[in-house]
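This is what each chain is made of:
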Amino acid sequence: MDLRRTMLFMPGNNPGMLQNGGVFGADAIILDLEDAVAPQEKDAARLLVAEALRTIDYRASEKVVRINPLDTFARQDIKAIVPCGLDAIIVPKVESPEDIRQAARLVAAAETPGQAPVKLIALLETPCGIAEAYPIARADKRVAGLAFGAEDYTAALGAKRTKEGTEIFSARTIVVNSAAAAGIQSIDTPFTDVNDRDGLLADTALAKQLGFKGKLAINPRQIDDIHRVFDPTAQEIDWARRVIKAIRKAEAEGAGVASLDGKMVDAPIVARAERTLHLARLLGLAEGGLL
Ligand SMILES: CC(C)(COP(=O)(O)OP(=O)(O)OC[C@H]1O[C@@H](n2cnc3c(N)ncnc32)[C@H](O)[C@@H]1OP(=O)(O)O)[C@@H](O)C(=O)NCCC(=O)NCCSC(=O)C[C@@](O)(CC(=O)O)C(=O)O
Ligand SMILES: [Mg+2]
């Protein structure tokens with residue numbers, strides 16, 4: 001499983017930000033060719049991003065590029081960036097499975113022999129994209145995740161965007177459920193007020209509660225706070241270990257259900273505990289084995 005707790009956007013026409021992208025500890029960095037780049041800057045940004053992919057060490061961060069929509073400059077973007085080496089492409093404003101299949105064909109044609117397959121993340125940010133979320137998630141084996149973009153989505157709905165997010169609740173749950181049904185990751189919309197730390201923490205906690213596996217970020221100051229929310233706490237790891245211990249003891253005694261602190265422990269509880277321990281091990285938080 002790839003960790004995508006944070007995916008940090010950097011405008012593809014900003015050499016200073018592109019240069020420093022690897023130092024912030026984001027799980028992924030997104031070199032953006034789409035909405036952070038003005039139309040007259042698109043060609044220059046494409047060249048700059050291609051050069052950055054070839055020359056800058058982004059350390060442990062996954063290298064991701066957000067291309068332009070398929071009906072604009074996607075073809076030129078894919079042709080220029082794929083041979084430079086990257087892990088994944090975010091396809092914005094995806095509205096149908098055919099959009100993904102088209103992107104996959106373009107990527108396959110641009111890959112060089114021996115290159116690891118470039119993954120796709122579908123950014124759902126229109127009413128049609130949300131309505132088609134599950135078929136989009138299943139459209140091609142390259143699709144590794146569904147991301148949600150609330151600004152474009154609420155603009156298209158004509159809804160008022162609020163920090164509480166009642167207007168995006170349904171769309172968020174559709175994205176999470178569709179990704180889970182397809183066995184891929186779901187990544188939540190960015191929190192756009194970079195000075196509102198409490199707001200970011202609350203919004204990220206809600207995203208985690210709903211089942212998202214990570215969150216888009218727009219500023220390096222957001223990285224640690226988002227990680228803190230998505231990382232399992234010491235109490236959660238301890239609980240997960242005790243769950244595994246309890247169920248193993250019950251199974252040894254011939255039972256399929258155990259009791260822990262007065263609460264029932266059965267298969268879904270065990271699955272949740274195993275997910276917590278798996279994430280903790282990936283993050284180096286669970287030294288000392290399962291029990
Ligand atoms: C938000 C703000 C202007 C705040 O500026 P501020 O100046 O207040 O930032 P400060 O914190 O003061 O910066 C301190 C130091 O960090 C450096 N630094 C800042 N940000 C950095 C960064 N991202 N990467 C590396 N470095 C960074 C900076 O250069 C400075 O370096 P230095 O001068 O050396 O000290 C700035 O962060 C920024 O531009 N973010 C990227 C915005 C962007 O990419 N948007 C498009 C993608 S979202 C999108 O499209 C979503 C969606 O698709 C979804 C939907 O639909 O909902 C849509 O449609 O909306
Ligand atoms: Mg957008």
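If you're wondering where the values come from, they're calculated on a predicted model, not measured in any experiment. (Residues numbered from 1 in each chain as written. Chains lettered and ligands numbered in written order. Predicted model: local features only at pLDDT ≥ 70, side-chain atom pairs only at ≥ 80, totals over all residues. Heavy atoms only, no water.)

1. Here's the deal with the environment of threonine 72
Next, step 1: The residue threonine 72 is located in the loop between strand E3 (62-66) and helix H3 (74-81) in this model.
Next, step 2: On the accessibility criterion, threonine 72 (40% relative accessible area) is partly exposed.
Next, step 3: Through-space distance from the C-alpha of threonine 72 to that of lysine 249 is 59 Å; in sequence the pair is 177 residues apart. (Helix = DSSP H or I, 4+ residues; strand = E, 2+ residues; numbered from the N terminus. Buried < 20%, exposed > 50% of the residue type's maximum accessible area, 1.4 Å probe, protein only.)

2. Focus on the coordination of the magnesium ion (ligand 2)
Next, step 1: Protein coordination at the magnesium ion (ligand 2) comes from Glu125 (OE) and Asp152 (OD), with a distance range of 2.0 to 2.2 Å. With glutamate 125 in the loop between strand E5 (119-124) and helix H5 (127-131) and aspartate 152 in helix H7 (residues 150-157), this pair connects stretches of sequence that are 27 residues apart.
Next, step 2: What makes glutamate 125 buried here is its relative accessible area of 3%. (Donors = N, O, S within 2.8 Å, 3.2 Å for Na, K, Ca; no water.)

3. Remarks on the UniProt feature "binding site: substrate" (unreviewed entry) in the protein chain
Next, step 1: In this numbering, the UniProt entry assigns the feature "binding site: substrate" (unreviewed entry) to Arg66 and Glu125. Separation in sequence by 60 residues is not matched in space for these annotated residues, since their most distant C-alpha atoms are only 13.6 Å apart.
Next, step 2: Within the secondary structure layout, arginine 66 lies in strand E3.
Next, step 3: Among the residues examined, arginine 66 registers a relative accessible area of 9% and is labelled buried.
Next, step 4: Every residue in contact with arginine 66, bar those within four places of it in the chain, is listed here: Phe9, Ile30, Leu31, Asp32, Leu33, Glu34, Asp35, Ala36, Ile90, Pro92 and Leu123.
Next, step 5: For arginine 66, the side chain forms a polar contact with the side chain of aspartate 32, separated by 2.7 Å.
Next, step 6: Not counting chain neighbours up to four residues away, the residues in contact with glutamate 125 comprise Glu34, Pro92, Lys93, Gly149, Asp152 and Tyr153.
Next, step 7: A polar atom in the side chain of glutamate 125 sits 3.1 Å from the backbone nitrogen of lysine 93. (UniProt positions renumbered as here; feature names shortened; annotations may be inferred. Contact = heavy atoms within 4.5 Å. Polar contact = N/O pair within 3.5 Å; in protein donor to acceptor, adjacent residues only side chain to side chain.)

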